[in-house]
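# Descriptive analysis of the structure
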Amino acid sequence: MSEAQAIYLKDYKAPAFSIEDVNLRFELFEEYALVTNVMNIQKVDTGVQELSLHCRDLELLEFWINDLKLQDTRYVLEEEKLTILNVPSVFSIKIINKIYPQNNTELEGLYKSGSIFCTQNEPEGFRSITPYLDRPDVMSVFTTTIVADKEKYPVLLGNGNKKESFDLGKRHSVTWHDPHPKPSYLFALVAGDLGSISDEYITASGENVELNIYCDLGNESKCHHAMKSLKEAMLWDEEKYGREYDLEIYNIVAVDSFNMGAMENKGLNIFNSAYVLADEDSASDANFMGIQSVIAHEYFHNWTGNRITCRDWFQLTLKEGLTVFRDQCFSADLNSQEVQRIEDVKSLRERQFVEDASPTAHPIQPKSYISMNNFYTATVYEKGAEVIRMIHTLLGEELYRKATDLYFETFDGQAVTTKDFLWAMSSASGVDLSAFELWYHQSGTPKLKVEEKFENGVYTLTLTQVIPNTVEGRAQKPYFFPLKIALLDEDAKEVVTETLKVSKESESFHFEGFNLKPVLSINRDFSAPIIIEQEYNNFAFLMKHDTNGFVKYEAAQIFAIETIEAIMRGEEVNPRFSEAYGHLLDLEGDLSYKALLLELPTVSTLMQRMSDIDFDVIYEAKEKLSQHLAQNFQEKLLAIYEVNHEPGSFGMDALAISKRAIKNRALKILSALETRDVIEIAKRQYEESVTMTDRVVALDVLENTDPEYAEVTLADFYSKYKKQTLVMNKYFSILAASHREGTLDRVMALQNDAVYDEKVPNLVRSLIGVFARNYKHFHAKNGYGYKFVADKIIEIDKINPQMASGLCGAFKIYNKMNEKNKSMMKVELSRIISTHELSKNSFEIISKILK
Ligand code: 0A1
Ligand code: ZN
């Protein structure tokens, strides 16, 4: 594997051919599938003589041009491409090729998930189905016929509207036609014996849309939350963006084997079943939220991704950043603005900030890749969403809507770039975004140094950008971003509320007319994805009084981080922190928000501020603070628990969810005490609870406090849920995340469990993936954690490279580790990279880490 295989944005060339329409016929059999592909093609660049189609490991059976069967002297078939020599300006091609979906464990192209045939073609899966111009800027009209055994595969689905179907005796066929031109990555088909639920939606202009959600037989009753979410998303997009659905039918299919969350194929979304199936008994509150957001995300792609798509894969954030921003706003509108914002920022910091500080950092618009699959990252998605959010803040709601209207009007039906998007944003609004473009091209999280001065009634705020070095080593420029601030007087009244436009390396802002120095509330709502560096001691005040939900939370987090860092230096728990924390316990209002305020910073947050990381030291300090708070506030915490614990209720309304959130937060804090009383509460919660949220928290607490009873409850849980794979993911995760001695041995043994299957990504993620993020055991000083995960990467790389390269991510913090752990990691990283026939996916990640 070498650098030479990298693809560069600077090498982009427009396609030399267009494909007017495609007619596909799939004959599905138990051992193989036959694909007949008829395309009408036109030369765009008349100077070009040969046509090169993408293809991957295909078995070509027949090849025709303009109804003439082609001799093999007219074309060259290689592993990755099929070249046809001397083609005319307008012509048709017919190709018949054979593929083996049953052997496809990579889960790209056409494959089998259990007994269901399904597809995943983004970004480059289509080329392993049939030869094609498999690039997003080639958009064509697709007609698809699927032929299969009637009994085994009664349901045959394709993109677009259903055109016709035929009974062929033992077999049957269905033809689908999608009138909207689309790139091949949005092509999908499904064949299976599926259950379903149906509903309908009437669009704002009165069109009737048939809605279906398909799943394994027997799971139909678990699809209702997904259906409700879909209808909510359809309405929201009409109201907020003026966008309506554009086909007669919208189908969603849930499958168990899927590499990611879900896929927005036109009119036929294919979902990881974890983002469709839910009921109170088997899914947690977080699962319900996740389903609502992913269903909406895929639906929103119909406009931001499908109607307007990407010119090339370097533009991925054009559709993903924008669509994540849209789904975040949707969830905030339907649930709680402040809870949603905090959850989004938490996830950004845990995943994206870590990535941005690692050797795999890249701009939201990368400049090169070896495997595009590696670029479905937190940076492209989540930082991409923050970039759109900043545009939204700079323009304001009204101009932003005017600008998205212009974007849709101008580029509908086209494959465009992030520049085109920025053009629409600035020309509709009149806001100059030229300096803003940098956010697309620089990697790393910007830091902002904050200095305050107060003299003669004038408050001066000096902001200095500490511009990070890129992985590419290039000199960086200062960013342009909106910074929401407020200045609070001693009664916490907002005397100044402003959105500063920061654009220089260093600049000062002056505010006059104060008697006393005001208190600064900065980066309100987290208006810019930056790190604030500030020597400042008003945390307790902001924790108590700030009216901005985000800053109040942030103050609690920073104060806790500093308190833990002091403990690491050998100091006692700061009593001022303890006092402020006690104040949070007394807060009234939204309980879900309160549960977030009371959460201590994660180990990953603490680690990001350190070099020579030693996880044992972080754990110990965090544990000490937890114990201190649990001890100090035992009574208050128990009271919070008892008031909000409603064992027999499984309501899914906001109040019931928030009561579970706060009482489970209280239980978790109390569990640091490891006393009999607390263990008894967890036991009782497990036994009485009727929701999965309560059961999982109780199990987790028991697993980490009372090994003996944990064995009993886990066995009970296993026997109740062993037939529900989605629930078993929770079982594996609890064990893989455990802090108990012997966790690695148990994880190893669980691989032989009857439920575990290395070919199912969800299971691998919940056992191996979760273990690789169990800082205590993965980073164990004997090196066994590293060795185990490296063995798994090497093994899984042969089955599913995308899943393997995902696991490689655990080693991204290599450079920041202490010497001992670093040298043990190096041994394993070197072993992985020297593996014979390592996939380009894993090679790309490991080689960057080792560089
Ligand atoms: N476009 C999908 C995510 C997705 C990307 C790649 C996949 O396989 C390589 C699968 C799904 C989304 O953003 O929802
Ligand atoms: Zn997406």
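## Some remarks on the environment of Asp420
Examined against the element boundaries, Asp420 turns out to sit in helix H6 (residues 418-429). Between the C-alpha atom of Asp420 and that of Met728, which follows or precedes it by 308 residues, the distance is 45 Å.

## A look at the pattern of salt bridges
Following the criterion strictly, the structure yields 63 salt bridges and no others. Residues Lys683 and Glu680 are paired through a salt bridge, measuring 3.4 Å at the closest nitrogen-oxygen approach. Of this pair, Lys683 and Glu680 both sit in helix H15 (residues 676-688), three residues apart, which is roughly one turn of that helix. Among the residues examined, Lys683 registers a relative accessible area of 16% and is labelled buried. Through salt bridges with shared partners, a single ionic network connects Glu122, Glu264, Lys319 and Glu320.

## Thoughts on the sheet that holds strand E19 (residues 249-255)
One open sheet accounts for five strands, arranged E17-E18-E19-E21-E20; its pairing is mixed. Every other strand in the sheet has two partners, leaving strand E17 (194-202) and strand E20 (262-263) as the edge strands with one partner each.

## As for the coordination of the zinc ion (ligand 2)
Distances from the zinc ion (ligand 2) to its protein donors, His297 (NE2), His301 (NE2) and Glu320 (OE), fall at 1.9 to 2.0 Å. Because the angles between the four donor atoms bound to the zinc ion (ligand 2) fall within 97 to 125°, the donor set is best described as tetrahedral. All donors of the zinc ion (ligand 2) come from a single chain, and their spacing in sequence reads H-x3-H-x18-E. Here the residue His301 occupies a position in the loop between helix H2 (285-300) and strand E22 (309-310), and Glu320 occupies one in helix H3 (residues 316-334), the gap between them amounting to 19 residues.

## A look at the pairing of strand E8 (residues 81-84)
Of the strand pairs in this sheet, strand E4 (residues 51-54) and E8 are connected by four bridges, and their pairing is antiparallel. When the sheet's bridge partners are listed, Ser52 is paired in E8 with Thr83. The pairing of strand E7 (residues 75-77) with E8 spans three bridges and is antiparallel. For Tyr75, the partnering residue across the bridge sits in E8 and is Ile84. The hairpin formed by E7 and E8 contains three residues between the paired strands.

Conventions we followed
Residues numbered from 1 in each chain as written. Chains lettered and ligands numbered in written order. Predicted model: local features only at pLDDT ≥ 70, side-chain atom pairs only at ≥ 80, totals over all residues. Heavy atoms only, no water. Helix = DSSP H or I, 4+ residues; strand = E, 2+ residues; numbered from the N terminus. Salt bridge = Lys/Arg side-chain N within 4 Å of Asp/Glu carboxyl O. Buried < 20%, exposed > 50% of the residue type's maximum accessible area, 1.4 Å probe, protein only. Pairing = 2+ DSSP bridges. Donors = N, O, S within 2.8 Å, 3.2 Å for Na, K, Ca; no water. Tetrahedral: all angles 85-135°; square planar, octahedral: opposite > 155°, others 65-115°.

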